[in-house]
Protein chains: 4
Amino acid sequence: MPYEFKLTRRVEFAETDMAGIVHFSNFFRMMESTEHAFFRSLGFSIHRHSEGETIGWPRVSANCDYVRPLRFEDEVEIHLLVAEVRTRSIRYQFVFRKVTDGTEVARGAIAAVCARLDKTTGRLIPLSIPDSIREKITAAPSELLGLRPILTASPS
Amino acid sequence: MPYEFKLTRRVEFAETDMAGIVHFSNFFRMMESTEHAFFRSLGFSIHRHSEGETIGWPRVSANCDYVRPLRFEDEVEIHLLVAEVRTRSIRYQFVFRKVTDGTEVARGAIAAVCARLDKTTGRLIPLSIPDSIREKITAAPSELLGLRPILTASPS
Amino acid sequence: MPYEFKLTRRVEFAETDMAGIVHFSNFFRMMESTEHAFFRSLGFSIHRHSEGETIGWPRVSANCDYVRPLRFEDEVEIHLLVAEVRTRSIRYQFVFRKVTDGTEVARGAIAAVCARLDKTTGRLIPLSIPDSIREKITAAPSELLGLRPILTASPS
Amino acid sequence: MPYEFKLTRRVEFAETDMAGIVHFSNFFRMMESTEHAFFRSLGFSIHRHSEGETIGWPRVSANCDYVRPLRFEDEVEIHLLVAEVRTRSIRYQFVFRKVTDGTEVARGAIAAVCARLDKTTGRLIPLSIPDSIREKITAAPSELLGLRPILTASPS
């Protein structure tokens, strides 16, 4: 069963900031885009309407450690690993690497909960992950999830 | 010495997504805007040119836990606390609360390192926090930093 | 009857790009934020749910001419003028000026059509502007709309 | 000589807004990304450092007419045509079409001026388009540029 996915994309101009590098908030958008492409690769949409219901995956938490900057027109590979599948939520890990030389750029995680959008109130109501999805997603082997600290030389 | 700052703003339409709530990546932009307003309140710019040098604060890590959604036109207060001041880096905590009723919406953190932008190479080179800044920023008392886990009822 | 509105805001870091200036797409977000603040000033929300309906104002067209760059932490005033009120649409003009010296930075326009969001199909269906809104908005006097070309010294 | 380019991409979640459609400002980012991919296809970067200089293409004007909404996961083709090459500036036209059925979604234009970034002042100084670029770009035949109004049924 699938537990990983890789997306490769090129940094766009609008993603940079005046420091000449990709704005840190955009790493979260790249993680999310990879998660959504992973879902599409399984035949799902992350946000789907069926039988009058809209089911989505609001985020519970997200984090990112930044190792090196990404710049305009850099090609970056975002490597998603499913870290955990719970009753109502999934946790993903992401590693960003430059395509040119494989150097690690950043490492992050997102936890998302399966939820139904109540159209009258606009509320997001958590629900158990549908079997059709659960059957297709599994956690990666723990040796792949390697939770080693990435910032060995942390700022002091 | 200052160790906290509050910024109040209203959610803009472009910050929402098709789930009808503020996109999770925008909480990181709001944290950053609050950090920058904190710097301005001390008489600094977070990104300053002086004597031919540009000094900035690239992010080392960032995280956010999402408790409740924010919606269009909601007024939100972002409460910054300085969590730690190190030789070359500062760590901040942020709590997001709705202005109307004070309910906590999200809680996050950013660690940023002081760096010089090398204009010929474009590299960011970490450097010790200038005394002029260090003299004005201190860590908040530990009892304020309350590192309790916010998601006691984590998704299961 | 109101035909103008002014919003003042400060340029945020995430709005800049690697050229060190506000990314051109963000001027459109600033125009929209001003339009929405104008609506709030009249007691409306630009996107409102009432009696099970959601009414919004999708854009029909938008344009902007850029005269000078805006930079991080610049304070800018966005001056909205109602250019035309039609049966189902409103056209706005916007002038961006630096607060410090009043120099014109950019000039743009947005035409938006009143529409109802059909929740089952997700379609936006144009409808006549509700009287409650029409009664409060009028076009600015033509002498204020001054449609002079702003780029007299166009690039050659 | 090249005068056109096509880019195909899929709408990402973060590009949508609470109306369930792509936020209008993101069409400008898509136009720009297509322009930059066009430059790359010619062997250039739109923002390049050479001999201590940084040359970019700040925008002089931009506009877009919106015909139909784009939604999450829609595949869209952005068709760039070079509309005019002047001494110091280039004007592009763009047509957005859904990949699934070819329906036109939007139509826009960008005029960009060639400029040198002065690193000490941060100013953008217009300059003549370098021959190396001029030799590779030409205006599309006028019959392709078809400036027919696209909104025959304009909102009334």
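As shown above, the structure is provided for reference.
Cut-offs used in this document
Residues numbered from 1 in each chain as written. Chains lettered and ligands numbered in written order. Predicted model: local features only at pLDDT ≥ 70, side-chain atom pairs only at ≥ 80, totals over all residues. Heavy atoms only, no water. Core = buried A, V, L, I, M, F, W, Y, C linked by side-chain atoms within 4.5 Å. Buried < 20%, exposed > 50% of the residue type's maximum accessible area, 1.4 Å probe, protein only. Contact = heavy atoms within 4.5 Å. Least-squares fit on C-alpha atoms with pLDDT ≥ 70 in both. Buried area = accessible area lost by both parts, 1.4 Å probe. Salt bridge = Lys/Arg side-chain N within 4 Å of Asp/Glu carboxyl O. Polar contact = N/O pair within 3.5 Å; in protein donor to acceptor, adjacent residues only side chain to side chain. Pairing = 2+ DSSP bridges. Helix = DSSP H or I, 4+ residues; strand = E, 2+ residues; numbered from the N terminus. Axes fitted to C-alpha atoms, helices over the stretch in contact; angles between N-to-C directions. Parallel < 35°, antiparallel > 145°, perpendicular 65-115°, else oblique. Nonpolar A, V, L, I, M, F, W, Y, C, P; charged D, E, K, R; others polar. Expected span 1.5 Å × (residues − 1). Phe/Tyr/Trp six-rings, centres within 6.5 Å; stacked < 30°, edge-to-face > 60°. Lys, Arg positive; Asp, Glu negative; His and termini not counted.

1. Details of the nonpolar core
- Core analysis: the largest hydrophobic core is formed by 82 residues, its most contacted members being Phe27(C), Phe96(C), Phe27(D) and Phe96(D).
- Apart from the residues within four sequence positions on either side, Phe96(C) is in contact with Phe27(C), Met30(C), Met31(C), Val76(C), Glu77(C), Ile78(C), Thr103(C), Glu104(C), Val105(C), Ala106(C) and Arg107(C).
- Counting residues in each nonpolar core, the second largest holds 81 residues, with Cys64(B), Val76(B), Ala106(B) and Phe13(D) among its members.

2. Notes on the relation of the copies chain A and chain B
- By a simple turn and slide, chain A fits onto chain B: the slide is 0.0 Å along the axis, the RMSD is 0.0 Å, and the turn is 180°. Taken together, the turn and the small shift mark the pair as related by a two-fold rotation axis. Distance from the rotation axis, computed per C-alpha, reaches its smallest value in chain A at Asn63(A): 2.0 Å.

3. Topic: the relation of the copies chain C and chain B
- By a simple turn and slide, chain C fits onto chain B: the slide is 0.0 Å along the axis, the RMSD is 0.0 Å, and the turn is 180°.
- A share of 100% of the interface residues of chain C reappears at the interface of chain B, consistent with the copies meeting face to face through the same patch.

4. Considering the interface of chain A and chain B
- The interface of chain A with chain B comprises 34 residues on the first partner and 34 residues on the second.
- Carbon and sulfur atoms supply 59% of the area that chain A and chain B bury against each other, a total of about 2,900 Å² over both sides.
- Applying the counting criterion to the chain A and chain B interface returns 0 salt bridges.
- The tally of links from chain A across to chain B stands at 10 residue pairs in polar contact (both at pLDDT 80 or more).

5. So, the sheet that holds strand β5 (residues 75-85) of chain B
- With antiparallel pairing, 10 strands are arranged side by side in an open sheet as β1(A)-β5(A)-β6(A)-β7(A)-β4(A)-β4(B)-β7(B)-β6(B)-β5(B)-β1(B). Pairing within the sheet leaves two strands with one partner each, and these edge strands are β1 (4-10) of chain A together with β1 (4-10) of chain B. Here the average twist between neighbouring strands, direction ignored, is 15°.
- Both strand β4 (residues 59-66) of chain B and strand β7 (residues 104-113) of chain B contribute to a ladder of 7 bridges, which runs antiparallel. Looking at β7(B), one finds that Asn63(B) is bridged to Ala109(B).
- Contacts from helix α1 (residues 25-41) of chain B reach β4 (59-66) of chain A together with β1, β4, β5, β6 (89-98) and β7 of chain B within the one sheet, and its direction differs from that of β4(B) by about 120°.

6. Regarding the environment of Thr87(B)
- Relative to the helices and strands, Thr87(B) is located in the loop between β5 and β6.
- Sequence spacing of Thr87(B) and Ile129(B) is 42 residues, and the spatial spacing of their C-alpha atoms is 6.3 Å.

7. Side note on the packing of helix α1 (residues 26-41) of chain A against α1(B)
- At a closest axis distance of 8 Å, the pairing of α1(A) and α1(B) adopts a crossing angle of 175°. When the interaxial angle is binned, α1(A) and α1(B) end up roughly antiparallel. Taken together, the residues of α1(B) that come into contact with α1(A) (itself represented by Asn26(A), Phe28(A) and Arg29(A)) are Ser25(B), Asn26(B), Phe28(B) and Arg29(B).
- Taken together, the residues that form the contact of α1(A) with α1(B) break down as 2 nonpolar, 3 polar and 2 charged.

8. Focus on the interface of chain C and chain B
- Contact residues are listed per partner, giving 15 residues for chain C and 15 residues for chain B.
- Of the roughly 1,400 Å² buried at the junction of chain C and chain B (both faces included), carbon and sulfur atoms supply 49%.
- For the chain C face of the interface with chain B, the top three residues by lost area are Phe13(C), Arg40(C) and Glu73(C), together amounting to 32%.
- A salt bridge links Glu73(C) to Arg40(B), with the nearest nitrogen and oxygen atoms 2.8 Å apart.

9. Some points on the sheet that holds strand β4 (residues 59-66) of chain C
- Here 10 strands make up an open sheet; going across it, the order is β1(C)-β5(C)-β6(C)-β7(C)-β4(C)-β4(D)-β7(D)-β6(D)-β5(D)-β1(D) and the pairing antiparallel. Each end of this open sheet is capped by a strand with a single partner; those strands are β1 (4-10) of chain C together with β1 (4-10) of chain D. Strand-to-strand, the axes of this sheet are offset by a mean angle of 15°, without reference to chain direction.
- Of the pairings in the sheet, the one linking β4(C) to strand β4 (residues 59-66) of chain D comprises 5 bridges and is antiparallel in character. Looking at β4(D), one finds that Ala62(C) is bridged to Cys64(D).
- Those strands touched by helix α1 (residues 25-41) of chain D are β4 of chain C together with β1, β4, β5 (75-85), β6 (89-98) and β7 (104-113) of chain D, and its axis lies near 120° from that of β4(D).

10. Considering α1(B)
- Taking 1.5 Å of rise per residue, the 17 residues of α1(B) would be expected to cover 24 Å, and the 25 Å separating its terminal C-alpha atoms lies within 8% of that figure.
- Positive phi appears at Gly43(B), one or two residues downstream of α1(B), with a value of about 95°.

11. Description of the packing of aromatic side chains
- Going through the model one piece at a time under the given rule, you end up with 46 aromatic pairs over all chains.
- Aromatic side chains Phe24(A) and Phe28(B) sit 6.2 Å apart centroid to centroid with 85° between the ring planes, which places their arrangement in the edge-to-face category. In this pair, Phe24(A) is assigned in the loop between β1 and α1 and Phe28(B) in helix α1, connecting two distinct chains.
- Residue classification places Phe24(A) among the buried residues on the basis of a relative accessible area of 5%.
- Taking 6.3 Å as the distance between ring centres and 50° as the angle between the ring planes, the aromatic pair formed by Phe5(D) and Phe38(D) counts as tilted. Here Phe5(D) is found in strand β1, whereas its partner Phe38(D) is found in helix α1, with 33 residues between them in sequence.
- Take Phe38(D): its relative accessible area is 0%, and that puts it in the buried class.
- Following the ring pairs from residue to residue traces out a cluster consisting of Phe24(A), Phe27(A), Phe28(A), Tyr66(A), Phe96(A), Phe24(B), Phe27(B), Phe28(B), Tyr66(B) and Phe96(B).

12. Focus on the side chain of Asp17(B)
- If you trace the backbone, Asp17(B) turns up in the loop between β1 and α1.
- The buried charged residue Asp17(B) lacks any salt bridge, with Arg59(A) as its nearest oppositely charged partner at 7.5 Å.
- Once residues within four sequence positions are removed from consideration, Asp17(B) is found in contact with Val22(B), His23(B), Phe13(D), Thr16(D), Asp17(D) and Met18(D).

13. Structural notes on the environment of Val105(A)
All names here are of chain A.
- Mapped onto the elements of the fold, Val-105 is located in strand β7 (residues 104-113).
- The exposure class assigned to Val-105 is buried, which follows from its relative accessible area of 0%.
- Among residues more than four places away in sequence, those in contact with Val-105 are Phe-27, Tyr-66, Val-67, Arg-68, Leu-70, Phe-96, Arg-97 and Lys-98.

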